[in-house]
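# Close look at the chain arrangement
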Amino acid sequence: GSTYRALVAGSVGEQFRDVAKIAEVALKELAEDEVLVKVVYAGVNGGCETFRARGEFAFASNRESDSGFALGAEGVGVVAAIGSAVEGFAEGDAVCFVGSGFAEYTTAKARTLWRVPEPTAEMAALRISGLTACAMMEVTGQVK
């Protein structure tokens, strides 16, 4: 089968640079509700990647992972393939996603994707960093 390159961690460590390595990953068959996305840009979220690498907070399960884990919090790309039950997306659609952004391809549940006009660098940080900034402006800063 086909493979792609991805930045992965074999285990947790003190810093991102201690755990990150390039690996050849096999393309897996999509589940019926999944979408394969060709990554165009990855968002760089330093805090999120540090927590992921250390296995802290929402990423505590990384400490128990025997097979390692993907790196990259968010990104934007183009739909390369869709599962048999996916509706509302087609090959070629630009989408932003959460998870496994530091790879040539990522797989996501269709319901978690957001369609965007184009896969631009600005759209790469939309899902986590952009949404966090918006929430902080509205909630914490009371900006309407």
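Values in this document were obtained by computation on a predicted structure and should not be read as measured data.

Another point: helix 2 (residues 46–54). Listed as buried for helix 2 are Cys48, Glu49, Arg52 and Ala53. In a view along the axis of helix 2, the buried residues occupy a sector of 130°, so they form one face of it. Looking at the buried side of helix 2, the elements it contacts are helix 1 (16–19) and strand 4 (69–70). Looking one or two places after helix 2, you find Gly55, whose phi comes out positive at around 75°.

It is worth spelling out the environment of Thr107 at this point. Position of Thr107 among the secondary structure elements: in strand 7 (residues 105–109). Overall, Thr107 belongs to the partly exposed group, its relative accessible area being 39%. For the pair formed by Thr107 and Ser65, sequence separation is 42 residues and the distance between their alpha carbons is 19 Å. Apart from residues lying up to four places away in sequence, Thr107 is in contact with Leu30, Glu34, Val35 and Leu36.

Turning to the pairing of strand 3 (residues 34–43), a few remarks are in order. In this sheet, strand 7 lies alongside strand 3 in antiparallel orientation, the contact comprising five bridges. Looking at strand 7, one finds that Leu36 is bridged to Thr107.

Reading across the sheet, the three strands line up as 2-1-4 and stay open at both edges, with antiparallel pairing between neighbours. Of all strands in the sheet, those bounded by a partner on one side alone are strand 2 (20–26) and strand 4. Note that strand 1 (residues 3–9) and strand 4 share two bridges and pair antiparallel. In the sheet register, Ala9 faces strand 4, and the bridge partner there is Phe69.

Right, let's talk about the nonpolar core for a bit. Of all hydrophobic cores here, the largest spans 11 residues; its members are Val35, Val37, Val39, Val79, Val86, Phe89, Val95, Phe97, Ala108, Ala110 and Leu113. Where this core is concerned, the elements lending two or more residues are strand 3 and strand 6 (94–98). Looking at this core, the element that brings in the most residues is strand 3, giving three residues. Look past the residues within four positions of Ala108 in its chain and what remains in contact with it is Asp33, Glu34, Val35 and Leu113. In terms of nonpolar packing, the next biggest core, distinct from the first, is built from six residues, Ala9, Phe69, Leu71 and Phe102 among them.

Okay, the sheet that holds strand 6 next. Strands sit in the order 7-3-5-6-8 across an open sheet of five strands; the sheet is antiparallel. Looking along the sheet, the strands with just one partner apiece sit at the ends: strand 7 and strand 8 (114–115). Bridging between strand 5 (residues 74–82) and strand 6 involves five bridges; their strand directions are antiparallel. Paired with Gly77 across the two strands is Val95, which belongs to strand 6. Sitting on the sheet, helix 3 (residues 126–140) is in contact with strand 5, strand 6 and strand 8, with an inclination near 75° to strand 6.

Definitions and limits used
Residues numbered from 1 in each chain as written. Predicted model: local features only at pLDDT ≥ 70, side-chain atom pairs only at ≥ 80, totals over all residues. Heavy atoms only, no water. Buried < 20%, exposed > 50% of the residue type's maximum accessible area, 1.4 Å probe, protein only. Helix = DSSP H or I, 4+ residues; strand = E, 2+ residues; numbered from the N terminus. Arc of directions from axis to C-beta. Contact = heavy atoms within 4.5 Å. Pairing = 2+ DSSP bridges. Core = buried A, V, L, I, M, F, W, Y, C linked by side-chain atoms within 4.5 Å. Axes fitted to C-alpha atoms, helices over the stretch in contact; angles between N-to-C directions.

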